[in-house]
Amino acid sequence: MSTDIHLKAADNIRLLSMAMVEKAKSGHPGGAMGGADFIHILFSEYLRFDPDNPDWIHRDRFFLDPGHMSPMLYSVLTLYGILEIDDIKNFRQWGSVTPGHPEVDFIKGIENTSGPLGQGHTNAVGAAIAEKFLGQRFGDWMSHAIYTYISDGGIQEEISQGAGRIAGHLGLGNLVMFYDSNDIQLSTETNIVTSEDTAAKYRAWGWHVITIDGHNHPEIRKALDSSLMEKDRPSLIIGRTIMGKGLVDDEGNSFEGQTSTHGQPVSKAGASFEKSMRKLGGDPDDSFRIFSEVGEFYHDTIRKKREQVSLFRKREEEWSENNPVLAAKLRDFFSGEAPDIDYREIKQKEGIATRAASSAVLGFFADRIENMIVSSADLANSDKTDGFLKKTSVFRKGDFSGQFLQAGVSELTLAAIMNGIALHGGIIPVCGTFFVFSDFMKPAVRLAALMGLPVKYVWSHDAFRVGEDGPTHQPVEQEAQIRLLEQLKNHSGRSSMLVLRPADATETTVCWQMALENTASPTAMILSRQDITDLPSEGNRYKDAQGARKGAYIVVDSAGKPDVILLASGSEVSTLVEGAALLKERKGLKIRIVSVPSEGLFRRQEKDYQESVLPAGVPRFGLTAGLPVTLAGLVGDNGRIWGVDKFGYSAPYKVLDEKFGFTAENVYEQVTKLLSS
């Protein structure tokens, strides 16, 4: 056992990591043991944070990419007293604050929900963009570093291509990434699956790259110092580490560098838990013990952190006194509250596509919301996020004065970057692409839903009416998939997502209002490519469309009990209006038409309201350009749904409407059949 306090602290992290997994009989000890040296040096000597207020907005951020290495992070947080010994003893158990992959909890020092490899370090790219954005507006005094930790798996995940490209292109000198290169992954050695030159790859993207012995503390410090000196390039520190460092077998022989120790307790992997414990200075009978010297060292480190924070706060107070307007703006940015917007001022043209209506809203926002960042996956002029772009400028290396990120063709990367921007705080992130390409984004959308991140997704070209682009670009099953998240609650007990498909231009304005007011979860705006006839109104259409705020509302009604209720979302609502005219003219039927931009939100309303919109005993007909199951929960077993049961064909959208039966005439025919049956 080493007498050097830093080596001893790293060994203590190894011991706690090993003990956690052993007690839980589940987990990944090997990588955590290998990364202990870097994590100790980073957290004890470099990472700026407030031990008494871990969500302090001026802290450095640390984003863990390989969530399976969580024992390493939990261990160092325990040394700081942010987690308790009982917390790590409860690793991976029901109700634990130390699950197998960390879940975002700023108070507990967890900056992101990690697990799916590649997303964590891409979150860090988003946070680095956020830091540059805020620094441009409030000054270098508030600059801070974004650290991230990646493993071989994260380097291999395709998302690393987009993250590396964008970070290098934008010159994110505030980003420092440690690559734990131990030549081992879950089922094999890395040389079986890759032979790339990782350092050369990142240098080609414009990164500052250093290769070190990841267990050598002076080399770690030198690499971090060098990285923090970089102002125009992100830094990659390739740390050559040993999987399961410190492990021995029953005979006392080294058991380091074994694939088996990646994903199971060391005793199951072939190592000796007891002898490895003793070799590292631990006690198998008291495996969660913190060495007294290490405890004292971290106690002293906490004191130093507090002194560092105190000095920073004095600098902040001085800045605030000299810049009261900016100080108020900074507080407003980080308040987490929706901006104060008078949506009635937004002017919409008649009969336009909802993507165009969204563009008008975004243009309105560009003049009024200073902390909004909008991005697009090379489709700004098609998803119409260019309504915002036309009033600002794009981010460039050394210039973050604008508010638009051109991400290029990289939907998953873009979505994970938006998560990182949201996690950093102080900024409202908005991103756009075609709805069909939401498939690429879903892993990051799912994490946004888990974390309760208020990212706004602008998904245009919402149905087969993409037309001549062909079936590869025509969303069919996507709406049914994304609406499943409306039916799930996250750990806070809130609905994990708000999904909105507005029926006309005015409803789009109201849906954007709902999106900005939704600060507890992500929001999806599903928008049409083609123009849509405005819904009828006997008075003020904007006032009528406020019904969307309850998820579903009556657009057209009859005197007395209706003979049939027609319901839809998006552009299909206007088709129902046309069909209802035929039903009234030819059959004399009393019709109610309901717009349902969000079934999930509607289901959370009081039962009385739900029944007032969709009373029992009245036949229902649903029209959807997606799978019929999209409306099944609202139409019920005794109704009828006309939807899409096959992939689309290439043709102008009006031809497709005719061929697929999305016409007033077919609405008339289908409702007639429903009522006659």
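Residues numbered from 1 in each chain as written. Predicted model: local features only at pLDDT ≥ 70, side-chain atom pairs only at ≥ 80, totals over all residues. Heavy atoms only, no water.

Visitor: Let's hear about the packing of aromatic side chains: which residues, and what values?
Guide: Describing an aromatic ring pair means giving the distance of the ring centres and the angle of the ring planes. All chains considered together, the criterion is met by 27 aromatic pairs. Their ring planes at 10° and their centres at 3.9 Å tell us that Phe38 and Phe178 sit as a pair that is stacked. Of this pair, Phe38 sits in helix α3 (residues 36–46) while Phe178 sits in strand β3 (residues 175–181), and the two are 140 residues apart along the sequence. Looking at Phe38, the relative accessible area reads 2%, which means it is buried. In this structure an aromatic cluster arises from ring pairing among Trp56, Phe138, Trp141, Phe312, Trp319 and Phe333. Directly above the ring of Phe364 sits Arg368, whose terminal nitrogen or CZ lies 3.5 Å from the centroid. (Phe/Tyr/Trp six-rings, centres within 6.5 Å; stacked < 30°, edge-to-face > 60°. Helix = DSSP H or I, 4+ residues; strand = E, 2+ residues; numbered from the N terminus. Buried < 20%, exposed > 50% of the residue type's maximum accessible area, 1.4 Å probe, protein only. Lys NZ or Arg CZ within 6 Å of the ring centre and 35° of its normal.)

Visitor: So what's going on with the sheet that holds β3? Residues and values would help.
Guide: Taking strand neighbours across the sheet as the criterion, the 5 strands line up as β1-β2-β3-β5-β4 in an open arrangement whose pairing is parallel. Each having just a single partner strand, β1 (61–64) and β4 (208–213) make up the two edges of the open sheet. Each strand axis lies, on average, 20° off the axis of its neighbour in the sheet, ignoring direction. Of the pairings in the sheet, the one linking β4 to strand β5 (residues 235–240) comprises 6 bridges and is parallel in character. Residue pairing for β5: His208 is matched across the bridge by Ser235. (Pairing = 2+ DSSP bridges. Axes fitted to C-alpha atoms, helices over the stretch in contact; angles between N-to-C directions.)

Visitor: Describe the packing of helix α18 (residues 411–424) against helix α19 (residues 438–451), and please don't skip the residues or the numbers.
Guide: Interhelical geometry of α18 versus α19 gives an angle of 20° and a closest axis separation of 6 Å. By the angle between their axes, α18 is roughly parallel relative to α19. Both α18 and α19 take part in a crossing whose hand is right-handed. On the side of α18, the interface is formed by Glu411, Leu412, Ala415, Ala416, Asn419 and Leu423, while α19 contributes Phe440, Met441, Pro443, Ala444, Leu447, Ala448 and Met451. Taken together, the residues that form the contact of α18 with α19 break down as 11 nonpolar, 1 polar and 1 charged. (Parallel < 35°, antiparallel > 145°, perpendicular 65-115°, else oblique. Left-handed = near helix turned anticlockwise from the far one by under 90°. Contact = heavy atoms within 4.5 Å. Nonpolar A, V, L, I, M, F, W, Y, C, P; charged D, E, K, R; others polar.)

Visitor: Give me the lowdown on the state of the cysteines, citing residues and values where you can.
Guide: The tally for this structure, following the rule as stated, stands at 0 disulfides. Here Cys431 is not disulfide-linked; the sulfur of Cys511 is the nearest cysteine sulfur, at 17 Å. Cys431 sits in the buried class, given a relative accessible area of 0%. Exposure remark for Cys511: the relative accessible area of 0% places this residue in the buried category. (Disulfide = S-S within 2.5 Å.)

Visitor: How would you sum up the pairing of β3? Please name residues and give values.
Guide: Taking burial as the measure, the 7 residues of β3 include 7 buried ones, the bulk of the element. The alternating pattern of β3 places Leu175, Met177, Tyr179 and Ser181 and Val176, Phe178 and Asp180 on opposite faces, both of which are buried. In this sheet, β3 lies alongside strand β2 (residues 146–151) in parallel orientation, the contact comprising 6 bridges. Across the sheet, the residue bridging to Thr148 is Met177, located in β3. Both β3 and β5 contribute to a ladder of 6 bridges, which runs parallel.

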